[in-house]
Amino acid sequence: MKVSLAVAATLLLMPQAKLFAQSATLTVKDGRALVIGGETSLGEGLDATDLAPASVVEEFTRLCIPDPQSAGSRANTSPFSLKRDNAVFPASGKIGEANIARWTSKNASLFLWAGDDSGLKGRPIAMPSRAATTVGPYGPFRAFGEQCNLVIKISDLSQALVITELLTVQLGAPGKLVVKNTFADGYWITRDLRVNINIPTTRDGPQPVHLSVQLIPAGAK
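Now for a look at the structure at hand. Remember, predicted model here, so these are calculated numbers, not experimental data.

Calculation criteria
Residues numbered from 1 in each chain as written. Predicted model: local features only at pLDDT ≥ 70, side-chain atom pairs only at ≥ 80, totals over all residues. Heavy atoms only, no water. Helix = DSSP H or I, 4+ residues; strand = E, 2+ residues; numbered from the N terminus. Buried < 20%, exposed > 50% of the residue type's maximum accessible area, 1.4 Å probe, protein only. Contact = heavy atoms within 4.5 Å. Areas by Shrake-Rupley, 256 points an atom, 1.4 Å probe, with all protein chains shown as cover. Salt bridge = Lys/Arg side-chain N within 4 Å of Asp/Glu carboxyl O. Expected span 1.5 Å × (residues − 1). Phe/Tyr/Trp six-rings, centres within 6.5 Å; stacked < 30°, edge-to-face > 60°. Lys NZ or Arg CZ within 6 Å of the ring centre and 35° of its normal. Core = buried A, V, L, I, M, F, W, Y, C linked by side-chain atoms within 4.5 Å. Disulfide = S-S within 2.5 Å. Pairing = 2+ DSSP bridges. Axes fitted to C-alpha atoms, helices over the stretch in contact; angles between N-to-C directions.

## A look at the overall build of the protein chain
Working step 1: When helices and strands are counted, the protein chain shows five helices and 13 strands.
Working step 2: Relative to its 221 residues, the protein chain shows a buried fraction of 44%.
Working step 3: For the protein chain, restricting intrachain contacts to residue pairs at least 6 apart in sequence, the fraction spanning at least 24 positions comes to 61%.
Working step 4: Accessible surface for the protein chain amounts to roughly 10,900 Å². Of this, 55% is attributable to carbon and sulfur atoms.

Here it is in structure tokens:
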């Protein structure tokens, strides 16, 4: 379908927040990021944060640990200047509306999810991980566990890797942590929480980082 010059010009003038208004980043069972809504990369439209890695970890911990579902009550005092701006996916056919709690700013996005994915089935998703991106419909890949997700961009990969080091100091030995020249990912287990980090390969610009906390359901491995 072709887009008229007038429509194209209008799109170019729209703020990034409007262009990507219906987007949410959640976490699948193995800790990878699940971007819902048609985007194919993490942190689309975000600027790099000025916060140092230590401050990023401190704020992520304050927001999401030990109670990921109550992070919204702390978001209004965040140094990221987060503002409530839910991601709303309209009803389509037999699929009802989906409403995901979201707080946004120019350099961070916070997403909370309580586990109801009835309005997400069939929505377009992307999973940027390492040097590849998996795309498809929501269903084969789905969010897992009540969760808190923080997406930021930081100046470069070296600063992002400092975040992994600081999380290890804070949380202890990781369950798994893979660090390479262009990406890193892994997780830590603390009590009934799984803490994840996903730092995918990026070819230019600031480094996107996805941090999340999942409540581990009773009996889940």
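Now that the structure has been shown, we can carry on.
## Topic: the pattern of salt bridges
Between side chains of opposite charge, a pair can form as their charged atoms come close.
Working step 1: Across all of its chains, the model carries five salt bridges by this definition.
Working step 2: The salt bridge partner of Glu59 is Arg62, with a shortest N-O separation of 2.8 Å. Here the residue Glu59 and the residue Arg62 both occupy positions in helix 3 (residues 53-64), the gap between them amounting to three residues, near one helical turn.
Working step 3: Classification of Glu59 by relative accessible area gives buried; the value is 4%.

## Examining the side chain of Asn107
Working step 1: Relative to the elements of secondary structure, Asn107 occurs in the loop between strand 5 (98-104) and strand 6 (108-113).
Working step 2: Using a relative accessible area of 10% as the deciding quantity, one classes Asn107 as buried.
Working step 3: Apart from the residues lying within four places of it in its own chain, the contact partners of Asn107 are Leu46, Asp47, Ala48, Thr49, Phe80, Val151, Ile152 and Lys153.

## Looking at helix 3
Working step 1: Between its first and last C-alpha atoms helix 3 spans 16 Å; for twelve residues at 1.5 Å apiece the expected length is 16 Å, and the two agree.
Working step 2: Where helix 3 is concerned, the buried positions are Pro53, Val56, Val57, Glu59, Phe60, Thr61, Leu63 and Cys64.
Working step 3: Those residues of helix 3 that are buried are in contact with helix 4 (72-75), strand 6, strand 9 (147-154), helix 5 (157-171), strand 12 (193-199) and strand 13 (207-215).

## Points about the packing of aromatic side chains
Working step 1: Taken as a whole and assessed by the stated rule, the structure comprises zero aromatic pairs.
Working step 2: Across from the ring centre of Tyr187, 3.9 Å away, lies the NZ or CZ of Arg194, which sits over that ring.

## So, the nonpolar core
Working step 1: Core analysis: the largest hydrophobic core is formed by 34 residues, its most contacted members being Leu110, Ile163, Leu167 and Leu211.
Working step 2: Sorting the residues of this core by element identifies helix 3, strand 5, strand 6, strand 9, helix 5, strand 11 (184-190), strand 12 and strand 13 as the ones contributing at least two each.
Working step 3: Sorting elements by how many residues they give to this core places helix 5 first, with six residues.
Working step 4: Apart from residues no more than four positions distant in its own chain, Ile163 is found in contact with Pro53, Val56, Val57, Ile152, Ile154, Ile197 and Leu211.

## A closer look at the state of the cysteines
Working step 1: Counted under the stated rule, the structure contains one disulfide.
Working step 2: One disulfide bridge connects Cys64 with Cys148, the sulfur atoms lying 2.0 Å from each other. Between Cys64 and Cys148, the S-S dihedral sits near -45°, and the bridge is therefore left-handed. Of this pair, Cys64 sits in helix 3 while Cys148 sits in strand 9, and the two are 84 residues apart along the sequence.

## With respect to the sheet that holds strand 2 (residues 33-36)
Working step 1: Strand order across the open sheet formed by four strands is 1-2-7-8, with antiparallel pairing between neighbours. The strands lining the two open edges of the sheet, one partner per strand, are strand 1 (24-27) and strand 8 (132-137). Averaged over all pairs of adjacent strands, the angle between their axes in this sheet comes to 25°, without regard to strand direction.

Keep in mind these values describe shape, not function.
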